Amino acid sequence: ETGVTQTPRHLVMGMTNKKSLKCEQHLGHNAMYWYKQSAKKPLELMFVYSLEERVENNSVPSRFSPECPNSSHLFLHLHTLQPEDSALYLCASSQLPSGGIGELFFGEGSRLTVL
Amino acid sequence: ILNVEQSPQSLHVQEGDSTNFTCSFPSSNFYALHWYRWETAKSPEALFVMTLNGDEKKKGRISATLNTKEGYSYLYIKGSQPEDSATYLCAFPSTFIFGSGTRLSVKP
């Protein structure tokens, strides 16, 4: 059983839909991350939350909106996405915030398809 | 922006072969490096955290070395097994940047 749980595992949505991805970590970590994995591209950092405050936003389009209500939960709200946003979205957590060396613990990802 | 290069992109070996691949990075301002293994349909899992020049870490048949002065880390797998088939990623925690990975396929 993974310490980081992502739901849903698969999501198909139209360009006008609004949906959310959810991530929950059971490891007592204080930093959480969203990464995007597109075909044939490296993992791309989208957002980092440390102690529930956003500390990094890697120029992600505003149609992606993160929310971190507490240190155990992270959401990615999706609105008016484009087909090129279809990808695997990975959530991760770690014990240390930005600049630390603690390894990331990943969820299994949410596979998003935008029609 | 830290430029992380991994080579080769993919590797096909026979069961029992030993193999190695490389993560290259600018040698200035090094802080730490992670190696991850990502099996298909699973989540990436950390293998090693490397911090000091000359570090050598081992986990079973897998080991890693670090040379911060010349800007590279090697990952070695001794006697590859089919269950070693995965994508191996290096990453820099200070910048959250991942390399593009080396996809290893081990044929029985």
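What this report covers is the structure whose coordinates are included nearby. In this text, all values refer to a predicted model and were calculated from it rather than measured experimentally.

**Focus: the overall build of chain B**
Helices and strands together make up the secondary structure of chain B, namely zero helices and 11 strands. Walking chain B from its N terminus toward its C terminus, one meets helices and strands in the order β-β-β-β-β-β-β-β-β-β-β. In terms of overall size, chain B behaves like a compact globule, its C-alpha atoms giving a radius of gyration of 13 Å where 108 residues would be expected to give roughly 13 Å. The C-alpha extent of chain B, read off along each of the three principal axes, is 40 × 25 × 20 Å. Counting only residues that meet the buried cut, chain B has 49% of its 108 residues in that class. Across chain B, the fraction of contacts at a sequence separation of at least 24, relative to all contacts at a separation of at least 6, is 53%. Surface accessibility of chain B: about 5400 Å² in total, with carbon and sulfur atoms responsible for 46%. Side chains of chain B give 10 positive and 10 negative charges; the mean places of these two sets differ by 3 Å.

**With respect to the pairing of strand β4 (residues 33–38) of chain B**
Strand residues, when the strand is regular, have side chains that alternate between the two faces of the sheet. Residue and element names in this part refer to chain B. The buried fraction of β4 is high, at six of six residues. The side-chain alternation of β4 yields two buried faces, one formed by L33, W35 and R37 and the other by H34, Y36 and W38. In this sheet, strand β9 (residues 86–92) lies alongside β4 in antiparallel orientation, the contact comprising five bridges. Bridged to H34 within β9 is A91.

**Structural notes on the interface of chain B and chain A**
At the junction of the two partners, chain B supplies 18 residues and chain A supplies 21 residues. With both sides pooled, the region where chain B packs onto chain A buries about 1500 Å², and carbon together with sulfur makes up 69% of that total. The largest share of the area that chain B buries against chain A comes from W38, F96 and F98 of chain B, three residues that together contribute 41% of it. The interface formed by chain B and chain A holds zero salt bridges in total.

**Comments concerning the nonpolar core**
Judged by nonpolar contacts, the single largest core of 23 residues is most densely connected at L33, W35 and L75 of chain B. Only β2 (10–14), β3 (19–24), β4, β5 (45–50), β7 (62–67), β8 (72–77), β9 and β11 (102–107) of chain B provide two or more residues apiece to this core. The dominant element in this core, judged by the number of residues it contributes, is β9 of chain B, at four residues. Formed by 22 residues, the second largest nonpolar core is a distinct cluster that contains V4, F47, L74 and A87 of chain A.

**Digging into empty space enclosed by the protein**
Summary: where empty space remains is shown by rolling a probe the size of a single water molecule over the atoms. A full pass over the atoms with the stated rule returns two cavities of 30 Å³ or more. Empty space within the second largest cavity amounts to approximately 30 Å³. Here the residues of the lining of the second largest cavity sort into no nonpolar, one polar and four charged.

**What to know about the packing of aromatic side chains**
Tallied over the full model, the rule gives 14 aromatic pairs over all chains. Consider the rings of F21 of chain B and Y88 of chain B, whose centres lie 5.3 Å apart with planes at 45 degrees: the pair is tilted. Residue F21 of chain B is located in strand β3, and its partner Y88 of chain B is located in strand β9; the two are separated by 67 residues in the primary sequence. Judged by its relative accessible area of 0%, F21 of chain B falls in the buried class. Exposure remark for Y88 of chain B: the relative accessible area of 0% places this residue in the buried category. Look at F30 of chain B and F92 of chain B: their rings are 6.2 Å apart centre to centre, the planes differ by 90 degrees, and that puts the pair in the edge-to-face class. Linking F30 of chain B in the loop between β3 and β4 with F92 of chain B in strand β9, this pair joins segments that are 62 residues apart in sequence. Note on F30 of chain B: relative accessible area 18%, which makes it buried. Counting every residue linked through ring pairs, the aromatic cluster contains Y33, Y35 and F106 of chain A together with Y36, F96 and F98 of chain B.

**Structural notes on the pattern of salt bridges**
Residues and elements named next belong to chain B. This model, assessed by the stated rule, comprises four salt bridges over all chains. For K42, the salt bridge identified is with E39, shortest N-O distance 3.9 Å. Residue K42 is classed as partly exposed on the basis of its relative accessible area of 44%. Judged by relative accessible area, which is 25%, E39 ranks as partly exposed.

What counts as what
- Residues numbered from 1 in each chain as written.
- Chains lettered and ligands numbered in written order.
- Predicted model: local features only at pLDDT ≥ 70, side-chain atom pairs only at ≥ 80, totals over all residues.
- Heavy atoms only, no water.
- Helix = DSSP H or I, 4+ residues; strand = E, 2+ residues; numbered from the N terminus.
- Rg over C-alpha atoms; globule rule 2.2 N^0.38 Å.
- Buried < 20%, exposed > 50% of the residue type's maximum accessible area, 1.4 Å probe, protein only.
- Contact = heavy atoms within 4.5 Å.
- Areas by Shrake-Rupley, 256 points an atom, 1.4 Å probe, with all protein chains shown as cover.
- Lys, Arg positive; Asp, Glu negative; His and termini not counted.
- Charge placed at Lys NZ, Arg CZ, Asp CG, Glu CD.
- Pairing = 2+ DSSP bridges.
- Buried area = accessible area lost by both parts, 1.4 Å probe.
- Salt bridge = Lys/Arg side-chain N within 4 Å of Asp/Glu carboxyl O.
- Core = buried A, V, L, I, M, F, W, Y, C linked by side-chain atoms within 4.5 Å.
- 1 Å grid on protein atoms, 1.4 Å probe; cavity = no way out; pocket = protein on both sides within 12 Å on 5 of 7 lines; lining within 4 Å.
- Points joined across faces, edges and corners; volume = space filled by probe spheres on them.
- Nonpolar A, V, L, I, M, F, W, Y, C, P; charged D, E, K, R; others polar.
- Phe/Tyr/Trp six-rings, centres within 6.5 Å; stacked < 30°, edge-to-face > 60°.

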